[in-house]
Amino acid sequence: MYNLTKVFKITFTVLICLILIGVVFTFVFGANTFATLGNGQQLIYSVEHKENEDYSSEISAAKKFLKEQNAGIITVQKRFDANDKVNALLFTFKTDKDLEQSVTIGEKVCIVTKINSTPAVRVVVRAAIASGAVLAVLFVYLAIRFSKNNWVAHSVGFLVTALVNIFASYSILQILGQFGYQYDSTIMSACIYSIMATVFLFILFISSAKNYSASKNVSLEQAVEPALKRIFCMMSFVFGLIGLFCILLMAICGNGFVIVLLPVLSATVVTFASGFFVAPYLFKALLKNQPIRQKTENQ
Amino acid sequence: MNKTKSIVLLSISVVLIIFLAVFCFMPAKLAIGNYDYYSPVNQLVHSLDLANGNYITFDIENADTDKLDETISVLQNRMKLIEERLGVQGISQAILSTTNNTLSVQIPDDEEIDIGSMFNILGSQGDLVISLKEDGSEPFIPYDDEGNKLSWADCIEKCIAIYDNTASKNPYGISLTVNEYGLNALKEGTAGVKEDSTLYFIMDGEVIGKPSLKSQITNKTNQITGYNTVAMAQTLAIKFISGMYPLDITNTMDYQTVNPTLGENSLLALGIALLAVVVVSVVVFIVKYGLMGVAYALSLGLFLILLVLSYAYLPLNQYFSLSAAVGVLFGICVFIAYNLLFTKLLKRQYNSSDKKTFSTAFAEAYSYLLKIVLDSGVCLLLAAILFWIISTGIVSTFAMAIVFSTILSIVCVLLFTRGYIKSLRKITQDDKKFKLTAEVK
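Residues numbered from 1 in each chain as written. Chains lettered and ligands numbered in written order. Predicted model: local features only at pLDDT ≥ 70, side-chain atom pairs only at ≥ 80, totals over all residues. Heavy atoms only, no water.

Caption draft 1: Structural detail: the overall build of chain B. Across its full length, chain B carries 12 helices and 14 strands. Taken along its principal axes, the extent of the C-alpha atoms in chain B is 95 × 50 × 45 Å. Relative to its full complement of 441 residues, chain B shows a buried share of 54%. For chain B, the accessible area works out to roughly 19500 Å², and carbon and sulfur atoms hold 56% of it. With 32 positive and 40 negative side-chain charges, chain B shows a spacing of 24 Å between the two charge centroids. (Helix = DSSP H or I, 4+ residues; strand = E, 2+ residues; numbered from the N terminus. Buried < 20%, exposed > 50% of the residue type's maximum accessible area, 1.4 Å probe, protein only. Areas by Shrake-Rupley, 256 points an atom, 1.4 Å probe, with all protein chains shown as cover. Lys, Arg positive; Asp, Glu negative; His and termini not counted. Charge placed at Lys NZ, Arg CZ, Asp CG, Glu CD.)

See the structure below:
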């Protein structure tokens, strides 16, 4: 299908470079968090109710003002009074420097509130702890599950792939931060998604290789490439569907969806690339180092 | 099972799927007798990103950052308790924003709790006084070992709503457990009680409980009863346990509604995107695998119906957000992958050089599939359950969605896809209709 060593070298180098750039960007520019995660602000722009509910001129005036203040992503909500009449527009944003509590846009005086990010930070911290715990548990589980059948290739192979995926996906988002992208606490959903997709793809690949090895009576090492060929089209379709979902929503609905779905899309691309071009080579390389006794058992 | 029986069973199954799909996905609301009927899809609770929320504002005194942070911490504690005790979903995802003298909270709109109760819980100062005097004079004051004055919130270890089945009216109440310092204060305060007295629990200047007392209090756990609804007792328990705001807070009763953070039509857009994924997968399956694709489509129908039913009726405090939708999408993709694997394995076994019959090939393919599904399913569920337990908020709902959808994926592919392929094979033996002649080596 393809030269495993060659594509591994290229993909792994690209992913490691991405990770390094991401680390550098994080230290130089800081985390590009959205308002709800990074103590952003909310601008309350009072409006008179309109029957057609068309507030595009007010929205563009406020957005123009906020862009001038270096705001990144801006989300807009309508606020209604007790009679369901629109009485204000809420703009959620984060700027480099906090705006004053009262700002004037055109002739309109608007209130600016400060968002408290403690709940979102708590979500991120707990999810980070959970990610660590899950990676450890899966490492141990795979080591035990394949203890008689080269546990190193299975558990270390999975762990390295998962870590590369998580950090490379995050790095892509940090790089996209230079183009205005900001993420909120849902980034941790993408991290979890990355771990889940990695473990799923990894197990599927191993099972397929074992199936091939048993049916064709060849060693597991020899079964790696044919097994990849067997699942490549299938998983391309599955990952393609996830990509389709993300791209559709981001293209149609814009800002709010971009915050949540860009990390998922980034994780999808990275997981797919590493699942086919990094993990199999790692698995094969680790298999080569297994003790002769186990090699014989496999065969 | 003969051909006629297969046709009958399949027809019943198709009708059932159509009926259940209409029952689950039609956003119907019907008035039946005293109760409104809501279809399962209408019972999904949406978080702030997909549904309207309430925008509540309180006035606060001007204060330094530390006290504001402490006030927000108490507010968050109360919101967490509302979520846990009153079953209001997604409230811990509220957006909090402040100015120097206002505190605004954006919380999901939930039928489980009215806005008045929300103001009552979130907007009350929470200043608890326990005294033998109705006006709250001569309050019992708890002290720690060093003689520092403590608040009652520091001394309450546990406070839960209870039901007193011996009471003829107003049977609800709270059970209050205090720590050593609280008990010392209660013992000291009630030391002189020898005959029928009344102990007054006063919160924010209002008497909220007045149990009668015949002797000195010596137990850590005490009860106050006399409330006519469980919500009333729960509200009180939340106020007891969540403590007092360090800043003066004024209940403005000012609330407004806001549309979803992702925009007005976010739910519709999400539905369309999910539908696009489902339709594309069904079309590809049917074009590529013929009747096996039909089996997949029927199994997918049941999978989606079961998923909606589990979200609507399982009492797991779940709510639906964009993150949860991504979790569901992941589950759908796992289901698609398992089905693709099944069909590919079946094709491979059937087309292998040793001329197997369909049933032998089917049994072998299923056996391989079972191993793969169990191996990957165990890993996925292990990870997702851990994420669900350890993480909080939207991440937890994402993990929960993966747990639901992975379990249903496994069940549906092992039972329904298998069953439908078998039934369809009974109806026709034509390999072309199953696209089995296309070679996969």
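Next comes the rest of the write-up.
Caption draft 2: Expanded view of the overall build of chain A. Across its full length, chain A holds nine helices and five strands. Element order for chain A, N to C, with α for helix and β for strand: α-β-α-β-β-β-β-α-α-α-α-α-α-α. Computed over its C-alpha atoms, the radius of gyration of chain A comes to 24 Å, more than 25% above the 19 Å expected for a compact globule of 299 residues. Over its C-alpha atoms, taken along the principal directions, chain A stretches across nearly 80 × 35 × 35 Å. Counting every position in chain A, which comprises 299 residues, the buried fraction comes to 56%. Considering only contacts within chain A whose residues lie at least 6 apart along the sequence, 74% involve residues at least 24 apart. When the accessible surface of chain A is summed, it comes to about 12600 Å², and 62% of that surface belongs to carbon and sulfur atoms. In chain A, 25 positive and 16 negative side-chain charges are present, and the distance between their average locations comes to 20 Å. (Rg over C-alpha atoms; globule rule 2.2 N^0.38 Å. Contact = heavy atoms within 4.5 Å.)

Caption draft 3: Region of the structure containing the interface of chain A and chain B. Of the residues lining the interface, 70 residues belong to chain A; the matching set on chain B comes to 67 residues. For the pairing of chain A and chain B, the buried interface totals around 6100 Å² over both sides, and the portion due to carbon and sulfur atoms is 72%. Taken as a group, Met196, Phe200 and Phe245 of chain A account for 11% of the area that chain A buries against chain B, more than any other trio of residues on that side. Counting across the chain A and chain B interface gives two salt bridges. Applying the counting rule to chain A against chain B returns 15 residue pairs in polar contact (both at pLDDT 80 or more). Looking at the side of chain A that touches chain B, the elements with two or more residues in it are strand S1 (41-46), strand S2 (75-80), strand S3 (86-93), strand S5 (108-116), helix H3 (118-145), helix H5 (187-216), helix H6 (220-253) and helix H7 (255-277) of chain A. Top element by residues in the side of chain A that touches chain B is H3 of chain A. It accounts for 16 residues. (Buried area = accessible area lost by both parts, 1.4 Å probe. Salt bridge = Lys/Arg side-chain N within 4 Å of Asp/Glu carboxyl O. Polar contact = N/O pair within 3.5 Å; in protein donor to acceptor, adjacent residues only side chain to side chain.)

Caption draft 4: Highlighting the side chain of Gln349 of chain B. Summarising the element assignment, Gln349 of chain B is placed in helix H10 (residues 322-351). Judged by its relative accessible area of 11%, Gln349 of chain B is buried.

Caption draft 5: Region of the structure containing the nonpolar core. Residues Met235 and Phe245 of chain A are the most contacted members of the largest nonpolar core, which totals 159 residues. Apart from the residues lying within four places of it in its own chain, the contact partners of Phe245 of chain A are Leu261 of chain A together with Leu270, Ala273, Leu274, Val277, Val326 and Leu329 of chain B. Met79, Leu103, Phe140 and Cys155 of chain B belong to the second-largest nonpolar core, a separate cluster that totals 55 residues. (Core = buried A, V, L, I, M, F, W, Y, C linked by side-chain atoms within 4.5 Å.)

Caption draft 6: Region of the structure containing the side chain of Ser391 of chain B. Residue placement: Ser391 of chain B occurs in the loop between helix H11 (358-390) and helix H12 (393-427). For Ser391 of chain B, a relative accessible area of 4% puts it in the buried group. In this structure the side chain of Ser391 of chain B is engaged in a polar contact, spanning 2.3 Å, whose partner is the backbone oxygen of Phe387 of chain B. Residues within four places of Ser391 of chain B in sequence aside, it is in contact with Arg126, Ala127 and Ala130 of chain A together with Ser396 of chain B.

Caption draft 7: Representation of the pairing of strand S3 (residues 53-60) of chain B within the structure. All names here are of chain B. Counting buried residues along S3, seven of its eight residues qualify, which places the element largely inside the surrounding structure. Alignment of S3 against strand S14 (residues 249-258), held across eight bridges, turns out to be antiparallel. Residue pairing in the sheet places Asn54 in a bridge with Thr257 of S14. (Pairing = 2+ DSSP bridges.)

Caption draft 8: Spotlight on the sheet that holds strand S6 (residues 128-131) of chain B. Residue and element names in this part refer to chain B. Read from one edge to the other, the open sheet built from three strands follows the order S6-S10-S11, with strand pairing classed as antiparallel. The open sheet has two free edges, formed respectively by S6 and strand S11 (206-209), since each of these has just one partner strand. Taking the axes of each pair of neighbouring strands and ignoring which way they run, one obtains an average angle of 35 degrees across the sheet. Of the strand pairs in this sheet, S6 and strand S10 (residues 200-203) are connected by four bridges, and their pairing is antiparallel. Across the sheet, residue Ile130 finds its bridge partner in S10, namely Phe201. Relative to the sheet, helix H7 (residues 230-242) contacts S6, S10 and S11, its axis offset from that of S10 by approximately 80 degrees. (Axes fitted to C-alpha atoms, helices over the stretch in contact; angles between N-to-C directions.)

This is a description of form; function is not addressed.
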